[in-house]
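Breakdown of the fold
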Amino acid sequence: MRNRIEEEKKVVGQMIRLYCRRKEGNKSLCPECQELLAYAERRLELCRFGEDKPTCLKCPVHCYRPEMRERIREVMRWAGPRMLLYHPIAALKHLRRELRVK
């Protein structure tokens, strides 16, 4: 079983790849999307919540720099709904975590 941080890395990677391929029309990750993915993975590795990490929307700590936060927000807004078509299991797991009340 994957740990929570690895699951989050997988989902954010799927979202960024989907955005880059479908929205931007690239066959592989462009440099900007590569940079965003690397940044997101670093932030996840350094997450102070570890295995208890909430989804980004529910997180009380904004760990992204403002410009990166805006970029990931744009990617998530576009790719989030489409994840149900391209990665339905990952999308449903993420949605379940989002709706979970602690």
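One can find the structure itself at the top, above this paragraph.
Residues numbered from 1 in each chain as written. Predicted model: local features only at pLDDT ≥ 70, side-chain atom pairs only at ≥ 80, totals over all residues. Heavy atoms only, no water.

1. Here we look at the nonpolar core
Counting 26 residues, the largest nonpolar core has Val12, Ile16, Cys33 and Met83 as the members making the most contacts within it. Sorting the residues of this core by element identifies α1 (4-23), α2 (31-45), α3 (66-86) and α4 (88-99) as the ones contributing at least two each. Looking at this core, the element that brings in the most residues is α1, giving eight residues. Among all residues touching isoleucine 16, those that are not within four sequence positions of it are Leu29, Cys33, Leu36, Leu37, Ile72 and Val75. (Core = buried A, V, L, I, M, F, W, Y, C linked by side-chain atoms within 4.5 Å. Buried < 20%, exposed > 50% of the residue type's maximum accessible area, 1.4 Å probe, protein only. Helix = DSSP H or I, 4+ residues; strand = E, 2+ residues; numbered from the N terminus. Contact = heavy atoms within 4.5 Å.)

2. What to know about the packing of α1 against α3
At a minimum axis separation of 8 Å, α1 and α3 run at an interaxial angle of 95 degrees. Considering their axes alone, α1 and α3 lie roughly perpendicular with respect to each other. In contact with Val11, Val12, Gln14, Met15, Ile16, Leu18, Tyr19, Arg22 and Lys23 of α1, α3 contributes Ile72, Glu74, Val75, Met76, Trp78, Ala79, Gly80, Arg82, Met83 and Tyr86. For the contact of α1 with α3, the class distribution of residues is 13 nonpolar, two polar and four charged. (Axes fitted to C-alpha atoms, helices over the stretch in contact; angles between N-to-C directions. Parallel < 35°, antiparallel > 145°, perpendicular 65-115°, else oblique. Nonpolar A, V, L, I, M, F, W, Y, C, P; charged D, E, K, R; others polar.)

Shape descriptors only; they carry no functional weight alone.
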